[in-house]
Amino acid sequence: RIGWGGLLWRAPIRFSGVLSIWLIQSVVIVYLYVATVLLSFFRGIEEVGLYQAALSFIEVILVASAILSTAFFPVFSRLAKASRGTLISFYEESFRTLLFFGVPCGVLALFGAKTLLDLVYGPSFHQALPALYLLLAGFLLFIFGGLNGYLLIAMGREKVVLGITLLGAILNLILNLWAIPRFG
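So, a few notes on the structure that sits alongside this text. (Residues numbered from 1 in each chain as written. Predicted model: local features only at pLDDT ≥ 70, side-chain atom pairs only at ≥ 80, totals over all residues. Heavy atoms only, no water.)

1. Structural notes on the overall build of the protein
Right, so step 1: The helix and strand inventory of the protein stands at 7 helices and 0 strands.
Right, so step 2: Residues classed as buried in the protein amount to 34% of the 184 residues present.
Right, so step 3: Intrachain contacts of the protein at a sequence separation of at least 6 include 74% that bridge at least 24 residues.
Right, so step 4: With 12 positive and 7 negative side-chain charges, the protein shows a spacing of 17 Å between the two charge centroids. (Helix = DSSP H or I, 4+ residues; strand = E, 2+ residues; numbered from the N terminus. Buried < 20%, exposed > 50% of the residue type's maximum accessible area, 1.4 Å probe, protein only. Contact = heavy atoms within 4.5 Å. Lys, Arg positive; Asp, Glu negative; His and termini not counted. Charge placed at Lys NZ, Arg CZ, Asp CG, Glu CD.)

2. Section: the pattern of salt bridges
Right, so step 1: Applying the stated criterion across every chain yields a total of 2 salt bridges.
Right, so step 2: Linking Glu-93 and Arg-96 is a salt bridge whose minimum nitrogen-to-oxygen distance equals 2.8 Å. Taken as a pair, Glu-93 and Arg-96 lie in helix 4 (residues 84-111) at a separation of 3 residues, close to a single helical turn.
Right, so step 3: Take Glu-93: its relative accessible area is 42%, and that puts it in the partly exposed class.
Right, so step 4: Judged by relative accessible area, which is 45%, Arg-96 ranks as partly exposed. (Salt bridge = Lys/Arg side-chain N within 4 Å of Asp/Glu carboxyl O.)

3. Digging into the packing of aromatic side chains
Right, so step 1: Applying the stated criterion across every chain yields a total of 10 aromatic pairs.
Right, so step 2: Here the aromatic rings of Phe-73 and Tyr-150 are separated by 5.4 Å at their centres, their planes lie at 50°, and the arrangement is tilted. With Phe-73 in helix 3 (residues 45-82) and Tyr-150 in helix 6 (residues 129-154), this pair connects stretches of sequence that are 77 residues apart.
Right, so step 3: With a relative accessible area of 24%, Phe-73 lands in the partly exposed category.
Right, so step 4: Between Tyr-91 and Phe-95, the ring centres sit 6.2 Å apart and the planes meet at 40°, which makes this aromatic pair tilted. (Phe/Tyr/Trp six-rings, centres within 6.5 Å; stacked < 30°, edge-to-face > 60°.)

4. Some words on the nonpolar core
Right, so step 1: One finds Tyr-51, Ile-58, Phe-76 and Leu-132 to be the most contacted residues of the largest nonpolar core, which totals 36 residues.
Right, so step 2: Of all elements in the fold, only helix 2 (15-42), helix 3, helix 4, helix 5 (113-120) and helix 6 reach the threshold of two or more residues within this core.
Right, so step 3: Setting aside residues no more than four positions away along its own chain, Ile-58 makes contact with Leu-132, Leu-135, Leu-136 and Phe-139.
Right, so step 4: Among the nonpolar cores identified, the runner-up in size contains 7 residues, and Val-27, Val-28, Val-161 and Ala-169 belong to it. (Core = buried A, V, L, I, M, F, W, Y, C linked by side-chain atoms within 4.5 Å.)

In structure tokens form, the structure reads like this:
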């Protein structure tokens, strides 16, 4: 019988791996919302509202892609221990599946961005279009990064994923610090 006290010390899990995954998820959250915080400091509440309107569409697409990527993770984990060749084949199939769902969602959102904003927020939010276009471009990179992250975690490379995620978050912060005061 394992109680809470024994969970961290006696259960067959690697606590450092769990901590790494928690840190990765925490950095991703900071990564997603740092622009909102910086906008509030540099530009004001109106631009925060426009950005959040654009981000709300991206969040829906990201959640859908994260659910799909997360569904692949148990198979990645099992295959990482059993058969590297089968793991690579399954990864390629997973990648194609994400392409099949992710790219059409991104393209539909890109061409339907103005209509989406009108339907959900009304014409007064047309100023959110540039932010939505920029976020859509980042979305495509993000969904495939998530799939690659799950693959690396399944292979026991959590620290690599953490390093890449931290580097991306730092670059995102630097670019936001440069762009937001100039362009909003």
